[in-house]
Amino acid sequence: MLFSPISILAVTVLSGLMSMAVLGSLRAAAIPGLTYWISANALSIVAFVLFAMQGHAPRGLTILCANGLLAFAMLRVLNGCRLFFGRRREQWQEYAALAAMVFAIAYWTYVTPRIDIRIAAVSAFHAYVYFAIGWLALRASMPQRPKYPYRFMTVVSFLGGVGHAARGFTYALGLVHQQTLLESTPVNVAFLGIGILLLPCLSIGVVMLAHDRMAERLERLANVDELTGALSRREFLAQGQAMAKASRGAAKRLFMAIVDIDHFKSINDAHGHASGDLVLAHFGSVVAGNLRASDIFGRLGGEEFAVFFPAEEGNEAAAMIDRLRICVAASRCRVADAELSCTFSAGIDEYRAGEPLAELMARADQALYAAKSRGRNRVAAAWPMDREAESA
Ligand SMILES: Nc1nc2c(ncn2[C@@H]2O[C@H](COP(=O)(O)OP(=O)(O)OP(=O)(O)O)[C@@H](O)[C@H]2O)c(=O)[nH]1
């Protein structure tokens with residue numbers, strides 16, 4: 001009795017209700033795709049109730065409507081995932097396939113009753129949707145996010161795809177025969193069980209995705225300076241420590257540059273704080289656009305920033321920061337009443353294996369002080385440099 005088709009449907013309806021409650025609790029977070037997933041659960045619950053009424057209500061409801069609704073619910077899940085991953089959604093061909101499937105079900109229900117072909121047609125549609133969801137989750141590139149929710153979605157969806165494909169082939173090839181959908185034969189119970197119980201797993205998967213998106217937003221708020229896009233001081237130091245640790249075995253040389261915008265107070269005074277903010281944001285985007293993936297860039301506070309980066313040797317490191325200085329000085333930032341430019345001064349020194357980053361930053365800060373006192377808009381190193389290499 002526990003494994004009868006009706007009890008499997010009942011369990012699925014209950015878990016669908018619970019999934020709706022959990023997904024509904026996340027609505028305030030406005031996660032892309034969430035409303036699609038909630039409506040998919042609601043539609044599938046109605047579909048399962050209709051399936052369960054087979055033999056007690058007209059076939060138009062319990063076969064045609066139920067299958068159409070469930071297929072539409074699955075498309076909602078797929079399109080919700082597309083929204084979530086920022087992909088193209090609503091493909092008309094899929095709705096055309098859904099309509100064709102409903103038409104085929106009507107034909108093999110009323111004109112030539114054949115439950116095996118009906119099951120094969122429905123399974124083919126569901127197999128496609130599951131594989132499409134699995135493919136989306138597999139291809140999703142989520143750097144620096146935990147892989148688990150995405151792998152979970154991939155595995156569940158591919159299992160669903162394989163299960164439905166196997167069911168479709170089994171019935172299309174005439175390997176099993178049955179008279180009604182809810183017969184308690186072992187093969188039918190097994191296929192219905194796999195097919196229907198994967199739906200709650202899919203719901204758990206989308207809840208995991210929604211939670212990960214919320215965690216990502218919170219981490220971003222904590223780790224990234226909203227105005228400039230640079231890492232927050234805390235995150236910069238954390239990533240810097242990790243980079244320093246990783247460099248030990250790799251014999252990689254690392255350098256720290258403390259970068260301070262020149263005469264920033266006068267920009268605020270002349271054009272207002274809001275324009276000063278625009279200049280800071282502009283500065284952040286120019287710097288970020290000129291760094292490599294290996295470099296980290298953080299805002300230490302106010303108009304003071306830091307870059308921690310690998311280089312072959314000191315002159316190369318100083319030259320790199322100097323190229324950055326030239327790019328910033330050459331760029332223009334449009335504010336309400338003017339087009340502004342800014343320059344920066346930087347102090348630079350090399351990381352010594354095992355030392356705390358605070359010591360390195362103190363030496364780079366000393367060099368920055370020297371750059372400021374020599375007239376600003378220049379890069380100064382903490383080590384003696386040839387006048388040639390030192391910029392001005
Ligand atoms: N608009 C804006 N101003 C800021 C922000 N943070 C700090 N400041 C301002 O940055 C200015 C820094 O001024 P100072 O420390 O005197 O430095 P400076 O004018 O850049 O001069 P030097 O560093 O000596 O070249 C202060 O006026 C701060 O109010 C911010 O987020 N937005």
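Just so we're clear, the structure is a prediction, and the values are computed from it rather than from any experiment.

### Points about the domain arrangement of the chain
- Domain assignment breaks the chain into domain 1 (5-222) and domain 2 (233-381).
- Just the C-alpha atoms count here: the centres of domain 1 and domain 2 sit 51 Å apart.

### A word on the sheet that holds strand S7 (residues 379-381)
- Pairing within the open sheet is mixed, and its five strands lie in the order S2-S3-S1-S6-S7. Each edge of the sheet is formed by a strand with only one pairing partner; in this case those strands are strand S2 (296-301) and S7. Strand after strand, the sheet turns through a mean of 20° between neighbouring axes, direction not considered.
- As paired strands, strand S1 (residues 254-261) and strand S6 (residues 344-350) are joined by seven bridges and run antiparallel to one another.

### Remarks on the packing of helix H5 (residues 115-139) against helix H6 (residues 148-172)
- Direction vectors running N to C along H5 and H6 enclose 160°, while the axes themselves pass 7 Å from each other. Taken together, the axes of H5 and H6 lie roughly antiparallel to each other. Regarding H5 and H6, the two cross each other, and that crossing is left-handed.
- By residue class, the composition of the contact of H5 with H6 is 17 nonpolar, nine polar and two charged.

### Regarding the pattern of salt bridges
- Following the criterion strictly, the structure yields 14 salt bridges and no others.
- Between Asp-295 and Arg-292 there is a salt bridge, and its shortest N-O distance comes to 2.8 Å.
- Judged by relative accessible area, Asp-295 falls into the buried class, the value being 8%.
- The salt bridge involving Arg-325 is made with Asp-322; its shortest N-O contact spans 2.6 Å. Taken together, the residues span about one helical turn, with Arg-325 and Asp-322 both in helix H11 (residues 314-330) at a distance of three residues.
- Through salt bridges with shared partners, a single network forms among Arg-145, Asp-212 and Glu-219.

Scoring rules and cut-offs
- Residues numbered from 1 in each chain as written.
- Predicted model: local features only at pLDDT ≥ 70, side-chain atom pairs only at ≥ 80, totals over all residues.
- Heavy atoms only, no water.
- Domains from an automatic or database assignment.
- Pairing = 2+ DSSP bridges.
- Helix = DSSP H or I, 4+ residues; strand = E, 2+ residues; numbered from the N terminus.
- Axes fitted to C-alpha atoms, helices over the stretch in contact; angles between N-to-C directions.
- Parallel < 35°, antiparallel > 145°, perpendicular 65-115°, else oblique.
- Left-handed = near helix turned anticlockwise from the far one by under 90°.
- Nonpolar A, V, L, I, M, F, W, Y, C, P; charged D, E, K, R; others polar.
- Salt bridge = Lys/Arg side-chain N within 4 Å of Asp/Glu carboxyl O.
- Buried < 20%, exposed > 50% of the residue type's maximum accessible area, 1.4 Å probe, protein only.

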